[in-house]
Amino acid sequence: MQRIFSGIQPSGIPTLGNYLGAIRNWVKLQDDHECLWCVVDLHAITVFQNPAELTQQSREMAAVLLACGVDPVKHTLFLQSNVRAHAQLAWIFNCVARLGWLNRMTQFKDKAGKDREAASVGLYAYPNLMAADIHAYHATRVPVGDDQRQHLELANDIAQKFNHDYGVEFFKNIEPVIMGPAARVMSLRDGTKKMSKSDPSDQSRINMNDDADAIALKIRRAKTDPEPLPSEAAGLAERPEARNLVGIYAALTDTDHAGVLAEHGGKGFGPFKQALADLVVEKLSPIAAETRRLLADPAGVDAILRDGAQRASAIADPIVAEAERLVGFLRA
Ligand code: AMP
Ligand code: TRP
């Protein structure tokens, strides 16, 4: 059975984009893989996080994952900071990866913005930590949204250089798993930007804990153009906002753009948005209710995470110890 690793940052409330682009696919992969699901708090602090909010959001993220169907018994759910191996291997990878490689990372350029000098060193080295997350478990398959593809290529470059420099075949090649018609859900305010839990505008996203009224209002106000929906998928090409709403509908009904347009093509956005809002509410409200139930017992969520961290450490610690031996560290 192949081993899967994936991570999600507790830098806000998870969004519909996280659900359709990541979490929902994680749940499906559990049937035929051994899975490690990690709430990556070390990654989150590459941008300053209010400490009390980070604590709360980490627990909430775990609760949402559980509510969506992540199985903490057959698989492993844990917090990145609770397993020391991630930071230990990341340091070694900081010394394997080249500045030139990191300089090509488009996400750093986006996140650092104009004032690159003011970005944290952690934000720059973030892809090395991500490589360590995966290689610490010898995981070979990594489900992510397609914005993470470049980081996975870097993780493979790091593994190859380590193996080459130390003359071993130790770290494995990893394969991205990019799934579904909604691999990239866009902002409701701007169809060219991805929906993000850290966007300053709450109107730009649907949060996994939004109630029915909030969902309906955000979808009603979502940016669109004045034309009715096209009847063919090709008609969405130059219409990013229309394409995004159709993509969300398609993902939630397990079909594609053409399938949605066969039913809704020619309609105006008024009735289509109504149908979409009803659908999103129908799919998300049971998850929100289960999340609230879990969070009513925070110690229960923490116990699940503690057990996960123990089991994750049992896999990662020997792998990282072997990497340290290969580097030549003396275990005195
Ligand atoms: P992040 O929210 O950046 O921690 O991302 C966690 C996971 O959700 C990653 O696999 C991302 O690629 C995925 N993801 C985040 N935002 C979106 C989005 N708008 N559409 C699709 N996938 C997303
Ligand atoms: N960088 C990923 C994101 O922002 C999260 C992440 C951290 C991750 N470590 C990972 C994803 C390891 C997959 C594998 O979405």
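As the structure is a prediction and not an experimental result, all values here were calculated from the model.

> Describe the site of ligand 1, and please don't skip the residues or the numbers.
Neighbouring ligand 1 are 16 residues, the closest being Asn 18, Asp 147, Val 185, Met 195 and Lys 197. Here an oxygen atom of ligand 1 and a side-chain polar atom of Asn 18 are 2.9 Å apart. Val 185 places a polar main-chain atom, nitrogen or oxygen, 2.7 Å from a nitrogen atom of ligand 1. Considering each element in turn, the shell around ligand 1 owes the most residues, four residues, to helix H1 (residues 16-29). Class assignment of the residues belonging to the shell around ligand 1 gives a composition of six nonpolar, six polar and four charged.

> Account for the packing of aromatic side chains, naming residues and giving values.
Tallied over the entire structure, the rule returns 10 aromatic pairs. Relative to Tyr 137, the ring of Phe 78 lies with its centre 6.1 Å away and its plane at 55°, an arrangement referred to as tilted. Here Tyr 137 lies in the loop between helix H7 (121-135) and strand E4 (141-143) and Phe 78 lies in strand E3 (residues 76-79), a separation of 59 residues in the sequence. Taken individually, Phe 78 and Tyr 137 each receive the classification buried, so the pair is uniform in this respect.

> Would you mind going over the site of ligand 2 in detail, with residue names and values included?
Ligand 2 sits among 13 residues. The nearest are Gln 9, Tyr 126, Met 130, Asp 133 and Gln 148. One of the side-chain N or O atoms of Asp 133 is found 2.6 Å from a nitrogen atom in ligand 2. The contact in question runs from a nitrogen atom of ligand 2 to an N or O atom on the side chain of Gln 148, over 3.1 Å. Compared with its free state, where it exposes 360 Å², ligand 2 has 90% of that area covered by protein.

Rules used throughout
- Residues numbered from 1 in each chain as written.
- Chains lettered and ligands numbered in written order.
- Predicted model: local features only at pLDDT ≥ 70, side-chain atom pairs only at ≥ 80, totals over all residues.
- Heavy atoms only, no water.
- Near = heavy atom within 4 Å.
- Polar contact = N/O pair within 3.5 Å; in protein donor to acceptor, adjacent residues only side chain to side chain.
- Helix = DSSP H or I, 4+ residues; strand = E, 2+ residues; numbered from the N terminus.
- Nonpolar A, V, L, I, M, F, W, Y, C, P; charged D, E, K, R; others polar.
- Phe/Tyr/Trp six-rings, centres within 6.5 Å; stacked < 30°, edge-to-face > 60°.
- Buried < 20%, exposed > 50% of the residue type's maximum accessible area, 1.4 Å probe, protein only.
- Areas by Shrake-Rupley, 256 points an atom, 1.4 Å probe, with all protein chains shown as cover.

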